Amino acid sequence: MRHILAFIVAAGSVLLDYEVENGWGEVEEDFTDTTASMTEDAALASVPTAVAALYQQRRASSTLDALVGVETGARTDRDLLAMDCKARRAQVLLEAKAAHTSAKRASNRYARVAARVAQLQGEVQRQQAQAEALHSQYEDAKKQCDAAATQGQATLTALVADLPLAAGILQWVTTQCAGGTAPGLVQCAMTDGSVVTSLADLAVRKQIAGM
């Protein structure tokens with residue numbers, strides 16, 4: 001039904017154009033009674049050939065215009081899509097370049113930090129080695145000091161113990177010298193060729209040897 005109504009409207013326009021072009025009189029045919037059951041082909045068959053040809057020409061022209069419009073719209077959409085894709089590609093390239101620059105900067109910072117950490121680790125290891133060496137020297141010095149202190153204490157203890165005996169020997173020698181007779185001395189040759197001088201009194205020599 002829709003096609004028939006469209007045909008009637010188009011046919012009316014065509015008839016008017018045809019009347020103007022060919023000098024027809026008034027068109028008295030009434031298509032109202034036949035529109036309910038008449039098809040487009042039947043309607044074309046019922047009108048003059050020139051009218052049917054004009055209608056077909058108009059319909060073909062309308063179809064061509066519609067196709068041209070569709071093609072134009074498609075090209076416009078394609079151009080817009082291409083422009084959008086181009087702009088998006090440029091944006092993506094800028095973002096990728098910025099990301100690459102940021103990654104390169106981060107990599108450089110990491111390399112500098114890693115080098116600094118390695119340098120600090122080397123310094124820590126050197127300081128640790130020096131500290132261990134100083135600690136070893138301290139331990140050796142402490143052992144020597146402890147040994148010297150022990151030996152000094154033993155020597156002091158022996159001297160304190162020998163002090164009364166030394167005082168007695170000194171008193172004996174002083175008494176001998178005061179009486180006008182110096183204590184007798186003897187010299188002993190040692191196996192290494194040295195000569196040791198000591199008191200002639202055997203008892204005094206034993207006391208001195210015991211000190």
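None of these values were measured; they are calculated from a predicted model. Throughout this document, residue positions are counted from 1 along each chain, in the order its sequence is written. Selection of residues for local features in this predicted model requires a pLDDT of at least 70, selection of side-chain atom pairs for listing and counting requires 80 or more, and totals for whole chains, interfaces and linings are taken over all residues. Derived side-chain values reflect all non-hydrogen atoms in the structure, with water molecules and hydrogen atoms excluded from consideration.

> Any chance you could explain the overall build of the protein chain here in plain terms?
In this description a helix means any DSSP run of H or I spanning at least four residues, a strand means any run of E spanning at least two, and both kinds are numbered starting from the N terminus. Per the secondary structure count, the protein chain includes four helices and two strands. For the protein chain, the succession of helices and strands along the chain, N to C, is α-α-α-β-β-α. Exposure categories follow from relative accessible area, calculated using a 1.4 Å probe and restricted to protein chains: below 20% of the type maximum is buried, above 50% is exposed, and the middle band is partly exposed. Classification of the 211 residues of the protein chain by burial places 10% in the buried group. Whether two residues touch is decided by their heavy atoms; if any such pair falls within 4.5 Å, the residues are in contact. Partitioning the contacts of the protein chain with sequence separation of at least 6, the portion at a separation of at least 24 is 44%. Per-residue and other accessible areas follow the Shrake-Rupley method at a 1.4 Å probe size, with only the shown protein chains counted as cover for residues. Taken as a whole, the protein chain presents about 16,600 Å² of accessible surface, with 60% of it coming from carbon and sulfur.

> Explain a nonpolar patch on the surface to me, please; I cannot follow it from the model alone.
Nonpolar side chains collect at one region of the surface, where Leu165, Ile208 and Met211 lie side by side and expose about 220 Å² of accessible area between them. The topology assignment puts Met211 in the segment after α4 (202-209). Patch membership requires over 30% relative accessible area and the absence of a salt bridge. Like charges are linked within 9 Å, and nonpolar side chains (Val, Leu, Ile, Met, Phe, Trp, Tyr) within 5 Å. In what follows, salt bridge is the name for a side-chain nitrogen of Lys or Arg lying within 4 Å of a carboxyl oxygen of Asp or Glu.

> It is not clear to me how the confidence of the model for the protein chain should be interpreted in this structure. Could you clarify?
Note: pLDDT gives the predictor's confidence per residue, expressed from 0 to 100. With 73% of its residues at a pLDDT of 70 or more, the protein chain has an overall mean of 76. Within the protein chain, no element has a lower average pLDDT than helix α1 (residues 2-22), which sits at 48, and none a higher one than helix α3 (residues 49-178), at 84. Segment residues 1-7 is flagged for pLDDT under 50; beyond a separation of four residues in sequence, or across chains, it makes nine contacts in the model. Confidence drops under pLDDT 50 across residues 23-35; counting only partners more than four residues distant or on other chains, this segment forms 15 contacts.

> For this particular structure, what's the right way to read the pairing of strand β1 (residues 185-189)?
Successive residues of a regular strand alternate their side chains across the two faces of the sheet. In terms of residue burial, β1 counts as a barely covered element, since only zero of its five residues are buried. Here a strand pair is declared whenever DSSP counts at least two bridges between the two strands. Relative to strand β2 (residues 195-199), β1 runs antiparallel, the two being bridged by five bridges. Its bridge partner lying in β2, Leu185 is registered against Leu199. Taking the residues between adjacent antiparallel strands as the criterion, β1 and β2 are bridged by five residues, where Gly193 takes a positive phi near 95 degrees.

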